[in-house]
Amino acid sequence: MRFYHGFIGLALSGAALALTALPALAAGLTLYVAPNGNDAWTGRLATPNRAHTDGPVATLERARDAARAIRSTKAQALTILVRGGAYTIPRTLSLEAQDGGAPGSPAVWRAYRGEAVRLTGGKSVRIWSAVTDPAILARLDPAARGHVLQADLRAEGIADYGKLTRRGFGAPDQPAALELFLQGRRMTLARWPNGEEWAKIKAPTKAGDGFTVDGDRLSRWTHADDAWVHGYWTFDWADTHEKIASIDPATGTITTVPPHGTFGYSPGRRFYVQNVLEELDTPGEWVLERTSGILYFWPPAPISAGAATVTLLDAPIISLQTVANFTLEGVSIETSRGRGIEMRNCRDSVIAGCTLHGLGTSGINIEGGARCGARSCDLYDLGDSGVVVSGGDGTTLVPGGHFVENCHIHDVSLWDRTYHPAIGLNGVGNRASHNLIHDLPHNAILMGGNDHIVEYNDIARVCTQTGDAGAVYMGRTLHQRGVQVRYNHFHDIGPTIKATEDGRYTDVMAVYLDD
C-alpha cells in the first residue's frame, strides 16, 4: 500500500500496518508453498532439500489438504507461508470451518517475508503473429493495419471465452467475459468513440426498442454480430450494457435486445459502442472473434513472452465459508473474471495488506458472520465494487462488527458504473474508517441498514460521471437510523465530464440521504 498522510493520520504502508496489528504467531504447524515445490512433498521445508526428496508443496490446495490431515489428529495453530512467485488458480481455493484457528491464535496464510506472491485467475498468451487474412484486413481501419496482431487462443488451450452479458443498473451481478491484460494493465475492448468520449442519442425509435444516431458510422458495423452499447440511457444514476440486435445504416438506427435499457432511451443521452472489430483503431484496443477463437490486439507496447494475459476463472479466487479466526496477508489477487475473495458466515477473520486488481467483478465480499474485514489493502482496476460487507441483525440490531479500514481504493466500478461503490456497508453496526478513496464514476460509500460508522476517510474525485448522486449515499427507508458520518475529508467531488445542453450530470453531494 502506498504511503499517504493528512488529517486522517496514516503513515504506515499496508503490509507494515497489517503486521503491527496482528498477534504474534503461536507455535504450531508451519507449511510452505513455493513455485519450485512438489505436491508429493510434505511442505515442512521452505526450500527443497539437497536430495530433492522433500520440500515445499507447489499449490495452495495441497497446502490446505495437508494441513487438514495433520490437524485432524492433533489440534494446533497453523501458519502457511507462500514463497514469492505467480500461482495460477484454475478453480476457487475453498476454505471451510476446519481451516480456521482459535481465539488469539488465528490460522494465518501469508506471503513469505519480503517476497511478492501473485494469485492469478488468468493465463499468458505467448504466440502472436501479424494479421494476414484479407477479409480481416479489409474490416480493420486503415490506420490499424500493420499494427494489429493476432493470437489463436484455441492453439494455446483456451476455449472458454465466456459471454458478454447485460450488466449494470437493475441487472444481476455476474462474472465478466474474457478480458485482456498487458503488463498487468487492463486493455480496452474496441469501442467508438475512443477513450472516454461518448456519442449521443438522436431520438428513440417509436417502438422504444432502440435509437437513432447522427452520421454514417453505422455503415462500418455490418459484420458486427456481437456488438454492444453501454450508456446512461435516461438518468445519470443508471447505466447498462445492452446487446445490439440489428443495425440499419440507412436510417442510422440501432435496435437492441430486450429489455432495451432499464428506463428506455432518451434524446441526448450518452453511450458508446463496443466489441466491434472495425473500431479496433487505437493502441490498447482488442477484440475476440468467438467463432474462430482469434484475438486481435493493437498493443500499446511491445509484447514479450508472458506479458499478455487473458482472464479465465469466473468464480472467486478464494472462498471462505464458516471460517473463524483466520488471516490472509500480503498477497496479490489479480487477473480473473469473477470476485477476488468471498467470505460467507465467517467470524473474527481479516484480509490484511493484500492487493486486489484486474478483476472482472468485485474485490472482497463479506456476507453474514461477525467481526470480519479488510485492513490495509489496495484495491483498484476492478469491474465492480471494492469491498462490500453485510452483517448484523436488522430485527434485534445486534451489530455485525465488520470493518474496512486503512485501505486505498480507486479506479473501481469500471464495468458497472453506478451503485458499485468503493465500500458497501449493509446490515447493522459495520464500519468504514481511515480509507483513502478516489476516482470513481459513482458512490464512494454506499450504505443500507443501521448503526454504521463512516469516519476519518479521505474521499476525492468520485461521482465523476453521474448526477443526482452522493459520495456517501443512503436513504429512502425511515427505519435505517443510527448511522454516523463524521471526521471525513471530502474534496473535488462531482462530474468531470461535460454537461449536456439540458444541464444534466449535476446535483452531486458529499453526503446524500436520498428522499
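Refer to the preceding data block for the structure.
Each chain has its residues counted from 1, following the order in which its sequence is written. Given that the model is predicted, a residue must reach a pLDDT of at least 70 before its local features are reported, and side-chain atom pairs must reach 80 or more before they are shown or counted; all residues, however, enter totals for whole chains, interfaces and linings. Where side-chain values are given, they derive from all heavy atoms of the structure, hydrogens and water being excluded.

Re empty space enclosed by the protein
As defined here, a cavity is a set of points on a 1 Å grid over the protein atoms alone where a 1.4 Å probe fits but cannot get out. A pocket is an open set with protein on both sides within 12 Å along at least five of seven lines, and residues line them when an atom is within 4 Å of a point. Grid points are joined across faces, edges and corners, and a volume is the space filled by probe spheres set on the points. One pass over the full model with this rule turns up seven cavities of 30 Å³ or more. Put simply, the largest cavity is a space of about 60 Å³. Contributing to the lining of the largest cavity are Leu-164, Ala-177, Leu-178, Glu-179, Leu-189, Asn-275, Trp-286, Arg-290 and Trp-415.

Re the sheet that holds strand S28 (residues 350-352)
DSSP-based pairing: two strands are paired if at least 2 bridges between them are found. Numbered from the N terminus, helices here are DSSP runs of H or I no shorter than four residues, and strands are runs of E no shorter than two. Taken together, the ten strands give an open sheet; going across it, the order is S1-S2-S5-S25-S28-S31-S34-S37-S40-S43, and neighbouring strands pair in parallel fashion. The outermost strands of the open sheet, each flanked by one partner alone, are strand S1 (28-33) and strand S43 (484-486). The sheet shows a mean angle of 10° between the axes of neighbouring strands, taken without regard to direction. Sheet analysis places strand S2 (residues 77-82) next to strand S5 (residues 107-111), joined by four bridges and oriented parallel. By the bridge assignment for S5, Ile-80 is matched with Trp-109. Lines fitted to the C-alpha atoms define the axes, with helices restricted to the stretch that makes contact. Angles between their N-to-C directions range from 0 to 180 degrees.

A few points about the environment of Lys-74
Position of Lys-74 relative to the elements: it lies in the loop between helix H2 (60-71) and S2. Using a relative accessible area of 53% as the deciding quantity, one classes Lys-74 as exposed. Each residue gets one of three labels from its accessible area relative to the maximum for its type: buried under 20%, exposed over 50%, partly exposed in between, using a 1.4 Å probe on protein chains only.

A short note on the pattern of salt bridges
Each salt bridge in this description consists of a side-chain nitrogen of Lys or Arg and a carboxyl oxygen of Asp or Glu lying within 4 Å of one another. Per the stated rule, a full pass over the model turns up 32 salt bridges. Note that Arg-166 is salt-bridged to Glu-242, the shortest N-O span being 3.0 Å. In this pair, Arg-166 sits in the loop between strand S9 (149-152) and strand S10 (180-182) while Glu-242 sits in strand S18 (residues 240-248), placing the two residues 76 residues apart along the sequence. Glu-242 carries the same exposure label as Arg-166, and that label is buried. One salt bridge connects Asp-348 with Arg-371, and the closest N-O pair in it is separated by 2.7 Å. With Asp-348 in the loop between strand S27 (341-344) and S28 and Arg-371 in the loop between strand S30 (364-367) and strand S31 (373-375), this pair connects stretches of sequence that are 23 residues apart. Members of the salt-bridge network, linked through shared partners, are Arg-339, Glu-342, Arg-344 and Glu-367.

Examining the layout of surface pockets
In this structure, the largest pocket spans a volume of roughly 760 Å³. Breaking the lining of the largest pocket down by element, the ones donating at least two residues are strand S12 (188-189), strand S20 (270-274) and strand S21 (285-289). Residues are sorted three ways: Asp, Glu, Lys and Arg are charged, Ala, Val, Leu, Ile, Met, Phe, Trp, Tyr, Cys and Pro are nonpolar, and all the rest, Gly among them, are polar. The class makeup of the residues in the lining of the largest pocket is eleven nonpolar, ten polar and nine charged.

Here's the deal with the sheet that holds S10
Taken in spatial order, the four strands of this open sheet run S7-S23-S10-S11, and their pairing is antiparallel. Each having just a single partner strand, strand S7 (122-124) and strand S11 (185-186) make up the two edges of the open sheet. Note that S10 and strand S23 (residues 308-311) share three bridges and pair antiparallel. Its bridge partner lying in S23, Phe-181 is registered against Thr-309.

Focus: a nonpolar patch on the surface
Residues forming no salt bridge and having over 30% relative accessible area are the ones grouped into patches, like charges within 9 Å of each other and nonpolar side chains (Val, Leu, Ile, Met, Phe, Trp, Tyr) within 5 Å. All accessibility values rest on the Shrake-Rupley procedure with a 1.4 Å probe; residue burial counts only the protein chains present in the view. Residues Val-485, Val-511 and Leu-513 make up a contiguous nonpolar surface patch of roughly 250 Å² in combined accessible area. With respect to the helices, strands and loops of the structure, Leu-513 is situated in strand S45 (residues 508-514).

Some words on the packing of aromatic side chains
Whether two aromatic rings pair depends on their centres lying within 6.5 Å, for rings of Phe, Tyr and Trp, where Trp uses its six-membered ring; planes under 30 degrees apart make the pair stacked, over 60 edge-to-face, and the rest tilted. Enumeration according to the criterion identifies 19 aromatic pairs in this entry. A centroid spacing of 5.8 Å and a plane angle of 55° characterise the contact between Trp-128 and Phe-297, whose relative ring orientation is tilted. Of this pair, Trp-128 sits in the loop between S7 and strand S8 (129-130) while Phe-297 sits in strand S22 (residues 294-297); the two residues are 169 residues apart in sequence, bridging distant segments of the chain. In this structure Phe-297 comes out as buried when scored by relative accessible area, which is 0%.

Some points on the pairing of strand S29 (residues 355-359)
Buried residues dominate S29, accounting for four of its five residues. Examined bridge by bridge, strand S26 (residues 331-336) and S29 share four bridges and lie parallel to one another. By the bridge assignment for S29, Ile-333 is matched with Leu-356. The pairing of S29 with strand S32 (residues 378-382) spans four bridges and is classified as parallel. Paired with His-357 across the bridge in S32 is Tyr-380.

Brief notes about unusual backbone geometry
Between Trp-192 and the following residue, Pro-193, the backbone shows a cis peptide bond with an omega angle of -5°. Here Pro-193 is to be found in the loop between strand S13 (191-192) and strand S14 (199-200). Following Pro-258, the chain continues into Pro-259 via a peptide bond in cis, with omega recorded as 20°. By the element assignment, Pro-259 lies in the loop between strand S19 (253-256) and S20. Even without a glycine there, the phi angle at His-434 is positive, about 55°. Relative to the elements of secondary structure, His-434 occurs in the loop between strand S37 (431-433) and strand S38 (436-438).

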